[in-house]
Amino acid sequence: MPTFFVQPAQPTALSDRYEVELPGYELWATMIQNVHILVGSLDVKEFNAALSRTLQLWPHTAGRLTNDGGKYKIYLTNDGVPVEFEERPHESTSSVVLDSHVIQTNLSGLLNFPHQRSALDFEAPLLRLKVVSFRDETTVGISWNHILGDATAFFRFTHALSQFYQGLHLVYPSPTFEKPVFPEPLQCTIEELRPLMYYFHELCSEEELPKKYSERAHTSERINWFFERQELETLCNSLRQRSPSAASRLSIHDSLSAYIVTVINRVLPNQIRKIKVTDSYRFSGASFAFPDVAGNAVIDALTALPENPTDITGIATSIRETLMHYRQHEVISTWMSAASHLMLAAARVGKSFYYPPSTEIMPVNSMATIDWCSAHFGQPKSHRHHMSGHGLLYLRVFGANPWRGDDGSWHAPEGRIDISIGVPQGCRQKVLDILAQGLDSIKIDG
């Protein structure tokens, strides 16, 4: 399998600098990995040229992580980004990607991601790509180190690559690289927030972490499900009429998350008591929020749920009120100060945070507002994107992919929402049976 190393076109957007500093909150020791599927073949020459132009605007992706006396930085080395090419002319993509759902079981064969010690590996490239040519389609796998930026930053990078490949101008502004620095928190502030940051409690070494995740891999089963936009809007409007507060502010996201909680709580003996929502402050308007930054601008909002475990209106309202609280600029700043301190401290001792599974907490990560399918490389009707992996009660939300009908024609998702969640072993069919009854079957008043 040949591998090309693509370097940024010169001069880069950061030609006057030699490094990008990484505050503690950037040190997410994980990868974000996407696979894009295109009908037909890819023009390799045009693709590599487009990637070179994209790296020119995002030169930190071609750099290397370094620890300079306890300060983490990306040195702008302009090293080549590895792009692996593989041919499978006798196979179809359906042998790996089983359906149109975003989340798939295993995409490792479509990704250029050899074993490395951790995402904070000083030797490894921060960005890797792999192109696989199948019988009638081509996949483009992109492995993006989380320290390069959050899902919005990753999307904009991918969208720029797609635009350049088509010979088009950029849709989104070029990235910026100035990172806000939050003040060092007082110890009392850290202790006050620590109970809300349960996912920062357990530190593991690079050797321990893979073992822990491997041991829990078979404790849950994945469920994928589609919701039509219209039915979610109907549910949301109904909840707005009944919500005692924040009535006009309830969102489709609040309503969907609350609905999933009620479904799970009708099946599990242990009730979900809290929801952790990953929320972006990128567009909050705060002085420290830079909309176009090539970095991470996310916080985790922990919501305590009402006593009634199937009170969908109360649950949706609790989610909305918590998000409103966490979106206050002062709250964001305080939270980020503590999180940045803890993340930097963990990195300095060579450890990573372990996210323990819980039957009482449902983590929610929604990318529904990110239009991944608009990074379509010239195939707006048939392009699909996929990711893999699931965790216990980990709810992931996306805009749905197009799908191919029995007659071979492509159908647009038209606002359809695609979700994935892991449920305990033995509960999958019970949850599917409730979902199959439809949103109309729920009792709005709990």
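See the structure shown above.
The written sequence of each chain sets the order in which its residues are numbered from 1. It should be noted that, the model being predicted, local features are given only for residues of pLDDT at least 70 and side-chain atom pairs only at 80 or more, the latter also being counted only at that level, while totals for whole chains, interfaces and linings use all residues. Hydrogen atoms and water are omitted, and side-chain values are computed over all heavy atoms in the structure.

What to know about the overall build of the protein chain
Move 1: Elements are defined by DSSP. Helices are runs of H or I of four residues or more, strands are runs of E of two residues or more, and each kind is numbered from the N terminus. Broken down by element type, the protein chain carries nine helices and 20 strands.
Move 2: Relative to the 2.2 N^0.38 estimate, which gives 22 Å for 446 residues, the radius of gyration of the protein chain is 22 Å and therefore close to what a compact globule would have.
Move 3: In this scheme, a residue with accessible area under 20% of its type's maximum is buried, one over 50% is exposed, and one in between is partly exposed, where area comes from a 1.4 Å probe on protein chains only. Expressed as a percentage of its 446 residues, the buried residues of the protein chain come to 57%.
Move 4: Any pair of residues with heavy atoms lying within 4.5 Å of one another is described as a contacting pair. Partitioning the contacts of the protein chain with sequence separation of at least 6, the portion at a separation of at least 24 is 79%.
Move 5: Surface accessibility in these figures is a Shrake-Rupley result with a 1.4 Å probe; residues are shielded only by whichever protein chains are displayed. Total accessible area on the protein chain is roughly 19,400 Å²; 50% of this is exposed by carbon and sulfur atoms.
Move 6: Of the charged side chains in the protein chain, 39 are positive and 48 negative; the average position of the first set lies 1 Å away from that of the second. With the radius of gyration taken over C-alpha atoms, the globule rule is written as 2.2 Å times the number of residues to the power 0.38. Charged residues are defined narrowly, with Lys and Arg counted positive, Asp and Glu counted negative, and His plus the chain ends left uncounted. All charge positions are set by atom: Lys at NZ, Arg at CZ, Asp at CG, Glu at CD.

Points about helix H2 (residues 151-166)
Move 1: Compared with an ideal rise of 1.5 Å per residue, which puts 16 residues at 22 Å, H2 spans 23 Å between its outermost C-alpha atoms and is within 8% of the ideal.
Move 2: The term polar contact refers here to a pair of N or O atoms within 3.5 Å; inside protein, the definition further demands a hydrogen-donor-capable atom paired with an acceptor-capable atom, and it admits residues adjacent in sequence only when both atoms are side-chain atoms. Sitting at the amino-terminal end of H2 is Asp150, which places a side-chain oxygen 3.2 Å from the backbone nitrogen of Thr152.
Move 3: Of the residues trailing H2, Gly167 is marked for its positive phi of about 75°. Multiplying one less than the number of residues by 1.5 Å gives the expected span of a helix.

Notes on the packing of aromatic side chains
The relative placement of two aromatic rings is captured by the distance of their centres and the angle of their planes.
Move 1: Only the six-membered ring of Trp is used, alongside the rings of Phe and Tyr, when aromatic pairs are assigned; centres must lie within 6.5 Å, and planes under 30 degrees apart are stacked while those over 60 apart are edge-to-face, with the rest tilted. Using the criterion set out here, one finds 21 aromatic pairs in the structure.
Move 2: With a centroid separation of 6.0 Å and 65° between ring planes, the pair formed by Tyr165 and Phe377 is classed as edge-to-face. Taken together, the residues Tyr165 in helix H2 and Phe377 in the loop between strand S15 (361-366) and strand S16 (384-388) connect sequence positions 212 residues apart. This pair shows no difference in class: Tyr165 is buried, exactly as Phe377 is.
Move 3: Among the aromatic side chains, those forming a connected cluster through ring pairs are Trp58, Trp144, Phe154, Phe155, Phe157, Tyr172 and Trp372.
Move 4: Across the ring face of Tyr199, the terminal group of Lys276 is positioned such that the distance to the ring centre comes to 5.1 Å.
Move 5: Counting as a charge over the ring demands two things of the Lys NZ or Arg CZ atom: a distance within 6 Å of the ring centre and an angle within 35 degrees of the ring normal. The residue whose ring lies beneath Arg416 is Trp403, and the NZ or CZ to ring-centre distance is 4.2 Å.

Some details on the sheet that holds strand S9 (residues 137-145)
Move 1: Taken in spatial order, the seven strands make up an open sheet running S1-S6-S8-S9-S3-S16-S7, and their pairing is mixed. Two strands close off the open sheet at either side, each with one partner strand: strand S1 (3-6) and strand S7 (103-104).
Move 2: Two strands pair if DSSP finds at least two bridges between them. As paired strands, strand S3 (residues 31-39) and S16 are joined by three bridges and run antiparallel to one another. What sits directly across from Val35, in S16, is His386.

Some remarks on the nonpolar core
Move 1: For the purposes of this section, nonpolar cores are sets of buried Ala, Val, Leu, Ile, Met, Phe, Trp, Tyr and Cys residues that join through side-chain atoms within 4.5 Å. Membership of the largest hydrophobic core comes to 73 residues, with the highest contact counts inside it found for Phe227, Tyr259, Ile260 and Met362.
Move 2: The element best represented in this core is helix H8 (residues 329-348), accounting for nine residues.
Move 3: Dropping the residues within four chain positions of it, Tyr259 is found in contact with Phe227, Leu235, Ile312, Ile434, Leu435, Gly438, Leu439 and Ile442.
Move 4: With 53 residues, the next largest nonpolar core counts Leu65, Val81, Trp372 and Phe377 among its residues.

Thoughts on the pattern of salt bridges
Move 1: A pairing counts as a salt bridge when a side-chain nitrogen of Lys or Arg comes within 4 Å of a carboxyl oxygen of Asp or Glu. Taken as a whole and judged by the stated rule, the model has 18 salt bridges.
Move 2: The shortest N-O distance in the salt bridge between Glu86 and Arg88 comes to 3.1 Å. Of the two residues, Glu86 and Arg88, both sit in the buried class.
Move 3: Of the charged contacts in the structure, one is a salt bridge between Arg156 and Asp292, with a shortest N-O distance of 2.6 Å.

Considerations on unusual backbone geometry
Move 1: Backbone torsion omega between Gln10 and Pro11 reads -5°, so that peptide bond is classified as cis.
Move 2: When you line up the elements, Pro11 lands in the loop between S1 and strand S2 (19-22).
Move 3: Non-glycine residue Phe377 carries a positive phi angle of around 55°.
Move 4: Since its relative accessible area comes to 4%, Phe377 is described here as buried.
Move 5: Even without being a glycine, Leu393 presents a positive backbone phi close to 60°.
Move 6: The residue Leu393 is located in the loop between S16 and strand S17 (395-399) in this model.

Bear in mind that shape data such as this cannot, by itself, settle questions of function.
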